[in-house]
Amino acid sequence: MLRFLTAIILVGSTFSCAFAESIIKPIISEASVSLPRSKMVTIEDTETARKYTLFVQLSKSYNTSPSKDYPVIYTIDAPYSFPIIVGSMRMPVNVGQMEEAVIVGLSYSLESKGVESRVRDYTPAIANSWKLETGLAAEYLSFIRRDVLTFIESTYRVDANRRTFIGHSLGGLFGGYVLMQSPETFSNYVLVSPSVWFNDDYLLTIRNG
């Protein structure tokens, strides 16, 4: 089971400090919660030797429908995007308004801080005005195509012709870069508030392919 830390925070202007403390102290604590049918897998970039964590959730009927292949949803910035997507899909899938899918979240390289990894991997050009390393989106895309897709499609029953990419902010910028450079990598793209402004709108200057 994939495990997260969660906390409950109560906010209310009508509480006195003493009363609020008496309520909050017993409630706010670290507690593990699990997302059903989920796990974490470490995968290595075979070119750079960087290691990345993948979050994987199998569909509800995966184990009881052995002849079925599932569409797969890939999302980056997995520590926050993966549980959001898993949670948002639960109701529409349960009521039959959305097809079941395998969900794969790509987290950051284990050798780097999260912000360092995402800025380096998600940006398509070197931006000298940024303090962090930028511009390795092409390398990261190669890793996804070469290692991530190969691993997922050789390990799980997923349909390689039905891949969806979801990215937000710099993740959306990276998704736009993939769409411009290798659109066949995914069947569908969901780009939420993509950082098109990065490096003077560099993404808009890229020619397809």
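Relevant structure appears above.
Residues numbered from 1 in each chain as written. Predicted model: local features only at pLDDT ≥ 70, side-chain atom pairs only at ≥ 80, totals over all residues. Heavy atoms only, no water.

## Some details on the sheet that holds strand 8 (residues 188-192)
Turning to step 1, where the next piece is worked out: Spatially, 3-4-6-5-7-8 is the arrangement adopted by the six strands of the open sheet, whose pairing is mixed. In this open sheet, the two strands that pair with only one neighbour each are strand 3 (38-44) and strand 8. Going across the sheet, the axis of each strand differs from the next one's by a mean of 20 degrees, ignoring polarity.
Turning to step 2, where the next piece is worked out: Against the sheet, helix 3 (residues 114-122) engages strand 4 (51-57), strand 5 (70-76), strand 6 (102-109) and strand 7 (158-168), with an angle of about 105 degrees to strand 6.
Turning to step 3, where the next piece is worked out: Docked against the sheet, helix 5 (residues 170-181) engages strand 5, strand 7 and strand 8, running at close to 135 degrees with respect to strand 7. (Pairing = 2+ DSSP bridges. Helix = DSSP H or I, 4+ residues; strand = E, 2+ residues; numbered from the N terminus. Axes fitted to C-alpha atoms, helices over the stretch in contact; angles between N-to-C directions. Contact = heavy atoms within 4.5 Å.)

## A short note on the pairing of strand 3
The side chains of a regular strand alternate, first on one face of the sheet and then on the other.
Turning to step 1, where the next piece is worked out: Direction of pairing for strand 3 relative to strand 4: antiparallel, over a ladder of seven bridges. The residue of strand 4 that forms the bridge with Lys-39 is Val-56.
Turning to step 2, where the next piece is worked out: Counted between consecutive antiparallel strands, the loop separating strand 3 from strand 4 contains six residues, among which Ala-49 sits at a positive phi close to 70 degrees.

## Overview of the pattern of salt bridges
Turning to step 1, where the next piece is worked out: In the structure shown here, the tally under the stated rule is 10 salt bridges.
Turning to step 2, where the next piece is worked out: A salt bridge links Asp-45 to Arg-146, with the nearest nitrogen and oxygen atoms 2.6 Å apart. Taken together, the residues Asp-45 in the loop between strand 3 and strand 4 and Arg-146 in helix 4 (residues 137-155) connect sequence positions 101 residues apart.
Turning to step 3, where the next piece is worked out: What makes Arg-146 partly exposed here is its relative accessible area of 29%.
Turning to step 4, where the next piece is worked out: Taken together, the salt bridges that share partners define one network made up of Asp-45, Arg-146 and Asp-147. (Salt bridge = Lys/Arg side-chain N within 4 Å of Asp/Glu carboxyl O. Buried < 20%, exposed > 50% of the residue type's maximum accessible area, 1.4 Å probe, protein only.)

## Let's talk about the side chain of Thr-53
Turning to step 1, where the next piece is worked out: In this fold, Thr-53 is placed in strand 4.
Turning to step 2, where the next piece is worked out: Thr-53 gets classed as buried once you look at its relative accessible area, which sits at 9%.
Turning to step 3, where the next piece is worked out: Ignoring sequence-local partners within four residues, the contact set of Thr-53 consists of Met-40, Val-41, Thr-42, Gly-105, Leu-106, Ser-107, Tyr-108 and Leu-110.

## Details of the packing of aromatic side chains
Turning to step 1, where the next piece is worked out: Considering all chains together, one arrives at 16 aromatic pairs under this definition.
Turning to step 2, where the next piece is worked out: Ring plane angle 35 degrees and centroid distance 6.0 Å describe the contact between Tyr-122 and Phe-174, whose orientation is recorded as tilted. One end of the pair, Tyr-122, is in helix 3; the other, Phe-174, is in helix 5, with 52 residues separating them in the sequence. Take Tyr-122 and Phe-174: they sit in the same class, and that class is buried.
Turning to step 3, where the next piece is worked out: On the numbers, 5.9 Å between centres and 40 degrees between planes, the contact of Tyr-140 with Phe-143 is tilted. (Phe/Tyr/Trp six-rings, centres within 6.5 Å; stacked < 30°, edge-to-face > 60°.)

## Quick notes on the side chain of Asp-45
Turning to step 1, where the next piece is worked out: With a relative accessible area of 2%, Asp-45 lands in the buried category.
Turning to step 2, where the next piece is worked out: A distance of 2.9 Å separates the side chain of Asp-45 from the backbone nitrogen of Glu-47, its partner in a polar contact.
Turning to step 3, where the next piece is worked out: A distance of 2.6 Å separates the side chain of Asp-45 from the side chain of Arg-146, its partner in a polar contact.
Turning to step 4, where the next piece is worked out: Among residues more than four places away in sequence, those in contact with Asp-45 are Arg-50, Tyr-52, Phe-143, Arg-146 and Asp-147. (Polar contact = N/O pair within 3.5 Å; in protein donor to acceptor, adjacent residues only side chain to side chain.)

## Examining the pairing of strand 8
Turning to step 1, where the next piece is worked out: Pairing of strand 7 with strand 8, which is carried by five bridges, proceeds in the parallel orientation. Of the residues in strand 8, the one forming a bridge with Ile-166 is Val-190.

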